[in-house]
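Below are the chains, spelled out letter by letter.
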Amino acid sequence: MTGLEHAHVSEEVPGEEGGCAEEDIWAAIAASRAWLDDHNGTAEPELGLRILKIVEEAGEAAAAWIGTVGQNPRKGVTHGRQDVADELGDVAFTALVAAASLGYDPRTLLTQVAAKVVARLPGPQQPLAPSGGLDGTSGDVGVPGA
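Here the residue numbering is sequential within each chain, running from 1 through the sequence in written order. A pLDDT threshold of at least 70 governs which residues receive local features in this predicted model, and a stricter bar of 80 or more applies before side-chain atom pairs are shown or counted, although totals over entire chains, interfaces and linings include all residues. Note that water and hydrogens are dropped before the side-chain values are worked out from all heavy atoms of the structure.

1. Some remarks on the overall build of the protein
Reasoning step 1: Segments assigned H or I by DSSP are reported as helices when at least four residues long, segments assigned E as strands when at least two residues long, and all are numbered from the N terminus. Assigned secondary structure in the protein consists of five helices and zero strands.
Reasoning step 2: Long-range contacts, defined here as pairs at least 24 residues apart, represent 50% of the contacts in the protein between residues at least 6 apart.
Reasoning step 3: Residue-level accessible areas treat just the shown protein chains as cover; the underlying method is Shrake-Rupley with a 1.4 Å probe. Carbon and sulfur atoms make up 59% of the accessible area of the protein, which totals about 9,800 Å². Contacts are residue-level and defined by heavy atoms, with any inter-residue pair within 4.5 Å sufficient.

And the structure:
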């Protein structure tokens, strides 16, 4: 039985009615790590490949953005912003699986990074808005010191 079979992960999509519970996200990260460990082992080269997988996913996000703006005249507009956001989600998830594979708790790491970034923001600190922006906007905000 693989790690993926051990975790119950909601099929609901965040942002839609009901959404995906946060615990389901952490369970999916743990299950993905367990599945990779079972199938590929945990030797240093494998861990390195998990880190390189982040770069592959980032390349897919970049390709989606190029497709969104139609930068390639031969292909034109091939993607939308949702495609880019989906690919960025893959980058984040893959990075958290890689961190877990190195033996770190992804929830703790993400909390520490968020605290570090918030501490570097200028002016009075505001809670992060659910939309991703600091002021309730669409989230098109730079991340100082990330």
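2. Some words on a negative patch on the surface
Reasoning step 1: Where like charges cluster on the molecular surface, the negative patch consists of Glu60, Asp83, Asp86 and Asp90.
Reasoning step 2: Position of Asp90 relative to the elements: it lies in helix α4 (residues 81–101).
Reasoning step 3: Asp90 gets classed as partly exposed once you look at its relative accessible area, which sits at 35%. Residues enter a patch when their relative accessible area is above 30% and they make no salt bridge; the linking distance is 9 Å between like charges and 5 Å between nonpolar side chains (Val, Leu, Ile, Met, Phe, Trp, Tyr). Should a side-chain nitrogen of Lys or Arg be within 4 Å of a carboxyl oxygen of Asp or Glu, the pair is scored as a salt bridge. All tallies of charge rest on Lys and Arg as positive and Asp and Glu as negative; His and the ends of each chain are not included. All charge positions are set by atom: Lys at NZ, Arg at CZ, Asp at CG, Glu at CD. Buried means the residue's accessible area, taken with a 1.4 Å probe over protein chains only, is under 20% of the maximum for its type, while exposed means over 50%, and partly exposed covers the values in between.

3. A look at the nonpolar core
Reasoning step 1: Joining through side-chain atoms within 4.5 Å is the link that ties buried Ala, Val, Leu, Ile, Met, Phe, Trp, Tyr and Cys residues into a set, and such a set is a nonpolar core. In terms of nonpolar packing, the biggest core is built from six residues, these being Trp26, Ile29, Leu36, Leu96, Val97 and Ala100.
Reasoning step 2: When contributions to this core are tallied by element, the ones reaching two or more residues are α2 (22–40) and α4.
Reasoning step 3: In this structure Ala100 touches Ile29, Arg33 and Pro106, once residues within four positions along its chain are discounted.

4. Points about a nonpolar patch on the surface
Reasoning step 1: A contiguous nonpolar patch, built from Leu49, Leu52 and Val55 and spanning about 310 Å² of accessible area, is present on the exposed surface.
Reasoning step 2: Mapped onto the fold, Leu49 is located in helix α3 (residues 44–69).

5. Structural notes on the pattern of salt bridges
Reasoning step 1: A complete count under the given rule lists six salt bridges for this structure.
Reasoning step 2: For the salt bridge of Asp37 with Arg50, the shortest nitrogen-to-oxygen distance reads 2.8 Å. One end of the pair, Asp37, is in helix α2; the other, Arg50, is in helix α3, with 13 residues separating them in the sequence. For the pair formed by Asp37 and Arg50, the shared burial category is buried.
Reasoning step 3: Between Glu56 and Lys53 there is a salt bridge, and its shortest N-O distance comes to 3.0 Å. Note that Glu56 and Lys53 are positioned in helix α3 at a spacing of three residues, about one turn of the helix.
Reasoning step 4: Each of Arg33, Asp37, Glu46 and Arg50 takes part in one network of salt bridges that share partners.

6. Regarding the environment of Ala64
Reasoning step 1: Mapped onto the elements, Ala64 comes out in helix α3.
Reasoning step 2: For the pair Ala64 and Thr78, spaced 14 residues apart in the sequence, the C-alpha separation amounts to 7.8 Å.
Reasoning step 3: Those residues in contact with Ala64 that sit more than four places away from it in its chain are His79, Asp83, Val84 and Glu87.

7. Considering the side chain of Thr68
Reasoning step 1: Summarising the element assignment, Thr68 is placed in helix α3.
Reasoning step 2: Since its relative accessible area comes to 17%, Thr68 is described here as buried.
Reasoning step 3: Not counting chain neighbours up to four residues away, the residues in contact with Thr68 comprise Val77, His79, Gly80, Arg81 and Val84.

8. Re the packing of α2 against α4
Think of two packed helices as two axes; the pair is described by the angle between the axes and how far apart they sit.
Reasoning step 1: Convention adopted: a line fitted to C-alpha atoms gives each axis, helices being fitted over their contacting stretch, and angles between N-to-C directions are expressed from 0 to 180 degrees. Following both chains from N to C, one finds α2 and α4 inclined at 60 degrees, their axes separated by 9 Å at the closest point. If you check the angle between α2 and α4, you find them oblique. Note on packing geometry: the crossing formed by α2 with α4 is right-handed. Contacts from Ile25, Trp26, Ala28, Ile29, Ser32, Arg33 and Leu36 in α2 reach Phe93, Leu96, Val97, Ala100 and Ser101 in α4. Any angle between 65 and 115 degrees counts as roughly perpendicular, while under 35 counts as roughly parallel, over 145 as roughly antiparallel, and the rest as oblique. Helix crossings get a hand from a simple test, with the near helix turned counterclockwise from the far one by less than a right angle marking a left-handed crossing and a clockwise turn marking a right-handed one.

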